[in-house]
Amino acid sequence: MKFYVLTLFPKMIEGFVSESIIGRAKENNIVDVECINIRDFTENKHKKVDDYPYGGGAGMVMQAPPVYNAYESLQKDKKVRVVFVTPSGKTFTQNMAKEFASQEELIILCGHYEGVDERVLEEIVTDEISIGDYVLTGGEIPACVLIDAIARLIPGVLNKEESFENESFENNLLEYPQYTRPPVFMGREVPEVLLSGHHKNVAKWRLEKSLEKTKRVRPDMLDAKL
Ligand code: ADE
């Protein structure tokens, strides 16, 4: 899968995607991430990309032409989805990550300043997505969040040890607690059942713990199941 990121701060994305699991997936040619610097597509000699908002108010607005020109430079079919990351978008979920993981290409637009001129959004954006109810200084971290959550679902990105079976949000439950050696840590023992080798009991205990945790921390997830 190939991600194109339209941004004013490509280094923020490039640093992130060159490390760890996504970095390995890039090296193995399973995932590719290309950053397009919106500033390279300005039509003025000062390379200015923002201006005052019509109607007044605080902050600056990203101008439509450089954003559109950056998008146009990719020469992509209208079928390729363009995600604008914004706090006023739909909240990103694991199900959305799964849906995006089925695409061959995805374009992500990162905003900055107070916003982006609505006209270019109307022209190119297919999905507006927020990573949560808080406001960040720009869309680069949200873009990395999307890339990470989507890329790890692509076959071959995670190895067997890193697999996503049984993890939180699969079957609408949070994950059960995990333990590894040593068997006793600061007086705390590993639950007996996990040492028993009795697979059915282990599975039953894990489901109970998952339900218990979901009820306590995210009761809304259990309501959503009804
Ligand atoms: N840009 C700034 N804050 C954001 C958020 N919470 N989600 C997506 N994009 C953003």
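The following paragraphs examine the structure supplied in this document. These figures come from a predicted structure and were not determined experimentally. (Residues numbered from 1 in each chain as written. Predicted model: local features only at pLDDT ≥ 70, side-chain atom pairs only at ≥ 80, totals over all residues. Heavy atoms only, no water.)

Secondary structure assignment for the protein chain yields nine helices and ten strands. For the protein chain, whose C-alpha radius of gyration is 22 Å, the value lies well above the compact-globule estimate of 17 Å for 226 residues. Structurally, the protein chain occupies a C-alpha span of about 70 × 40 × 35 Å along its principal axes. Among the 226 residues that make up the protein chain, the fraction classed as buried is 41%. Within the protein chain, residue pairs in contact and separated by at least 24 positions form 76% of the contacts whose partners lie at least 6 positions apart. (Helix = DSSP H or I, 4+ residues; strand = E, 2+ residues; numbered from the N terminus. Rg over C-alpha atoms; globule rule 2.2 N^0.38 Å. Buried < 20%, exposed > 50% of the residue type's maximum accessible area, 1.4 Å probe, protein only. Contact = heavy atoms within 4.5 Å.)

Cysteine pairs can be linked by a disulfide, which is a covalent bond between their two sulfur atoms. Evaluated as defined, the whole model comprises zero disulfides. A disulfide-free cysteine, Cys-110 has its sulfur positioned 7.7 Å from the sulfur of Cys-144, the nearest such atom. Under the relative-accessibility criterion, Cys-110 is labelled buried at 1%. (Disulfide = S-S within 2.5 Å.)

On to helix H6 (residues 140-151). Its twelve residues give H6 an end-to-end C-alpha distance of 16 Å, which sits within 8% of 16 Å, the value for a rise of 1.5 Å per residue. Judged by how many residues are buried, H6 sits mostly within the fold: nine of twelve residues are covered. Listed as buried for H6 are Glu-140, Pro-142, Ala-143, Cys-144, Leu-146, Ile-147, Ala-149, Ile-150 and Ala-151. (Expected span 1.5 Å × (residues − 1).)

Under the criterion given, the structure shown has one aromatic pair. Note on Tyr-68 and Tyr-71: the rings are 6.2 Å apart at their centroids and 45 degrees apart in plane angle, and the pair reads as tilted. Here Tyr-68 and its partner Tyr-71 are both found in helix H3 (residues 64-72), three residues apart, which amounts to about one turn of the helix. With relative accessibility at 28%, the residue Tyr-68 sits in the partly exposed group. (Phe/Tyr/Trp six-rings, centres within 6.5 Å; stacked < 30°, edge-to-face > 60°.)

The five strands are arranged E2-E1-E6-E5-E8 in an open sheet whose pairing can be described as parallel. One side of each edge strand has no neighbouring strand; the edge strands of this open sheet are strand E2 (32-37) and strand E8 (127-130). Adjacent strand axes in the sheet meet at a mean angle of 35 degrees, parallel and antiparallel pairs treated alike. Summarising the sheet, strand E1 (residues 2-7) and E2 pair through six bridges and their orientation is parallel. Within the sheet, the bridge partner assigned to Phe-3 lies in E2 and is Val-33. Docked against the sheet, helix H1 (residues 10-17) engages E1 and E2, running at close to 165 degrees with respect to E2. (Pairing = 2+ DSSP bridges. Axes fitted to C-alpha atoms, helices over the stretch in contact; angles between N-to-C directions.)

Let us now look at a nonpolar patch on the surface. Side chains of Phe-9, Met-12, Tyr-134, Leu-136, Ile-141 and Val-145 sit close together on the surface and give an oily, nonpolar patch of about 510 Å² of accessible area. Here Val-145 is to be found in helix H6. (Patch = residues over 30% accessible without salt bridge, like charges linked within 9 Å, V, L, I, M, F, W, Y side chains within 5 Å. Areas by Shrake-Rupley, 256 points an atom, 1.4 Å probe, with all protein chains shown as cover. Salt bridge = Lys/Arg side-chain N within 4 Å of Asp/Glu carboxyl O.)

With that settled, consider the site of the ligand. Taken together, the residues surrounding the ligand are Val-85, Thr-86, Pro-87, Ile-129, Ser-130, Ile-131, Gly-132, Tyr-134, Val-135, Leu-136, Gly-138 and Pro-142. The backbone of Ile-131 places a nitrogen or oxygen atom 3.0 Å from a nitrogen atom of the ligand. One of the backbone nitrogen or oxygen atoms of Leu-136 is found 2.9 Å away from a nitrogen atom of the ligand. When atom positions are compared with the pocket grids, the ligand is found to occupy the largest pocket. (Near = heavy atom within 4 Å. Polar contact = N/O pair within 3.5 Å; in protein donor to acceptor, adjacent residues only side chain to side chain. 1 Å grid on protein atoms, 1.4 Å probe; cavity = no way out; pocket = protein on both sides within 12 Å on 5 of 7 lines; lining within 4 Å. Sits in = over half its atoms within 2 Å of the grid points.)

A few words on the layout of surface pockets. Remark: the empty space left among the atoms is shown by a probe the size of a water molecule rolled over them. Here the largest pocket defines a volume of roughly 440 Å³. Put simply, the parts of the chain that give the lining of the largest pocket at least two residues each are strand E5 (82-91), strand E7 (115-116), helix H5 (118-124) and E8. A total of five residues in the lining of the largest pocket trace back to one element, the largest contributor, which is E5. Of the residues assigned to the lining of the largest pocket, the class counts are twelve nonpolar, ten polar and three charged. (Points joined across faces, edges and corners; volume = space filled by probe spheres on them. Nonpolar A, V, L, I, M, F, W, Y, C, P; charged D, E, K, R; others polar.)

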